[in-house]
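A structural walkthrough
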Amino acid sequence: MNRDQKFFDMYSLVIGILALFALAIYVGVSKLSDLTQGVYTTDTAEYQAAIQERIRPLGQVYLPGEESQADKLTVQEAAQAEPVATTLSGPQVYNQACLMCHGSGIGGAPMLANTESWAPRIAQGKDTLYQHALEGFTGQAGYMPPKGARMDLSDDEVRAAVDYMAEQAGR
Ligand code: HEC
């Protein structure tokens, strides 16, 4: 009987301590949650909006005919400069269109600055040189294509190149 009583006392004590302990945990946790979780009152509109934002799908599918919510693409066109008709200088034309033959003497072309082969040609007069350069010319040395086969060149540009070549030949 005495032993039972002792056991019962002990048992009550342990149960009591455990109950107190549980209560302490409960109170502690609810205090702690008030401290840290207080901002997240789940029924506020802000909270719901925050949740919606977090679980928002990454993309959306729009079927044809549906209005896309995506920002409309704006195409910005760079202002284009008006094409300007530029005139090439004599040396420029020479380098682009005449050098490949007159720079090396290919096919009998009188070489630039070769006074000897240019002298008799220049003696024909500028007009003949211009005409031969513009319209093409087949002489004893070979074939000179019209405008050096650069039909995109203007007559004045070709004449400027002829002037340049005559100049280089010392005339
Ligand atoms: C495909 C080669 C070639 C190109 C490119 C060329 N020439 Fe010639 N050119 C010749 C040849 C070959 C002759 C010599 C023809 C002859 O006297 O038989 C010649 C001769 C000339 C003559 C002398 C014509 C004469 O009456 O004696 C002039 C001027 C001339 N070229 C100007 C030019 C100019 C300007 C260019 C560039 C726009 C040019 N050539 C590009 C091959 C070329």
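Residues numbered from 1 in each chain as written. Predicted model: local features only at pLDDT ≥ 70, side-chain atom pairs only at ≥ 80, totals over all residues. Heavy atoms only, no water.

In this fold, S89 is placed in the loop between α2 (45–54) and α3 (90–102). C-alpha of S89 to C-alpha of A160: the two residues are 71 residues apart in sequence and 6.5 Å apart in space. (Helix = DSSP H or I, 4+ residues; strand = E, 2+ residues; numbered from the N terminus.)

Formed by 19 residues in total, the largest nonpolar core has its most connected members in V93, C98, I122, L153 and M165. Every element with two or more residues in this core is listed here: α3, α4 (115–122), α5 (126–135) and α6 (155–168). The element that contributes the greatest number of residues to this core is α6, accounting for 6 residues. With residues up to four places along the chain from it excluded, the contact list for C98 reads V93, G103, A161 and M165. (Core = buried A, V, L, I, M, F, W, Y, C linked by side-chain atoms within 4.5 Å. Buried < 20%, exposed > 50% of the residue type's maximum accessible area, 1.4 Å probe, protein only. Contact = heavy atoms within 4.5 Å.)

A few words now on the coordination of the iron atom of the ligand. Distances from the iron atom of the ligand to its protein donors, H102 (NE2) and M144 (SD), fall at 1.9 to 2.0 Å. Angles of 88 to 179° at the metal separate the 6 donor atoms of the iron atom of the ligand, which places the site in the octahedral class. You can see H102 sitting in helix α3 and its partner M144 sitting in strand β2 (residues 143–144), a full 42 residues away along the chain. Given the relative accessible area of 21%, M144 is considered partly exposed. (Donors = N, O, S within 2.8 Å, 3.2 Å for Na, K, Ca; no water. Tetrahedral: all angles 85-135°; square planar, octahedral: opposite > 155°, others 65-115°.)

Once that is clear, we can look at the domain arrangement of the protein chain. Here the protein chain is described as being made up of domain 1 (2–54) and domain 2 (90–168). On a C-alpha basis, the centres of domain 1 and domain 2 stand 104 Å from each other. (Domains from an automatic or database assignment.)

Residues in close proximity to the ligand total 28 residues, the closest being C98, C101, H102, H132 and M144. At 2.8 Å, a side-chain N or O of H102 approaches a nitrogen atom of the ligand. Separating an oxygen atom of the ligand from a side-chain N or O atom of H132 is a distance of 2.4 Å. Listed by contribution, the elements that provide at least two residues to the shell around the ligand are α3, α4, α5, β2 and α6. Looking at the shell around the ligand element by element, the count peaks at 5 residues for α3. Looking at the shell around the ligand, its residues break down into 17 nonpolar, 9 polar and 2 charged. (Near = heavy atom within 4 Å. Polar contact = N/O pair within 3.5 Å; in protein donor to acceptor, adjacent residues only side chain to side chain. Nonpolar A, V, L, I, M, F, W, Y, C, P; charged D, E, K, R; others polar.)

On to the packing of aromatic side chains, then. Inspection of every chain in the model, using the stated rule, returns 2 aromatic pairs. Here F7 and Y11 contribute two aromatic rings whose centre-to-centre distance is 5.7 Å and whose plane-to-plane angle is 25°, an arrangement assigned as stacked. Within this pair, F7 and its partner Y11 are both found in helix α1 (residues 2–37), separated by 4 residues, close to a single helical turn. With a relative accessible area of 55%, F7 lands in the exposed category. Among the residues examined, Y11 registers a relative accessible area of 46% and is labelled partly exposed. Centroid distance Y94 to Y164: 5.6 Å. Interplanar angle 55°. Geometry classified as tilted. Here Y94 is found in helix α3, whereas its partner Y164 is found in helix α6, with 70 residues between them in sequence. On the basis of relative accessible area, Y94 is assigned to the buried category, the value being 3%. Under the relative-accessibility criterion, Y164 is labelled buried at 18%. Positioned above the aromatic ring of Y130, the side-chain terminus of R159 is 5.9 Å from the ring centre. (Phe/Tyr/Trp six-rings, centres within 6.5 Å; stacked < 30°, edge-to-face > 60°. Lys NZ or Arg CZ within 6 Å of the ring centre and 35° of its normal.)

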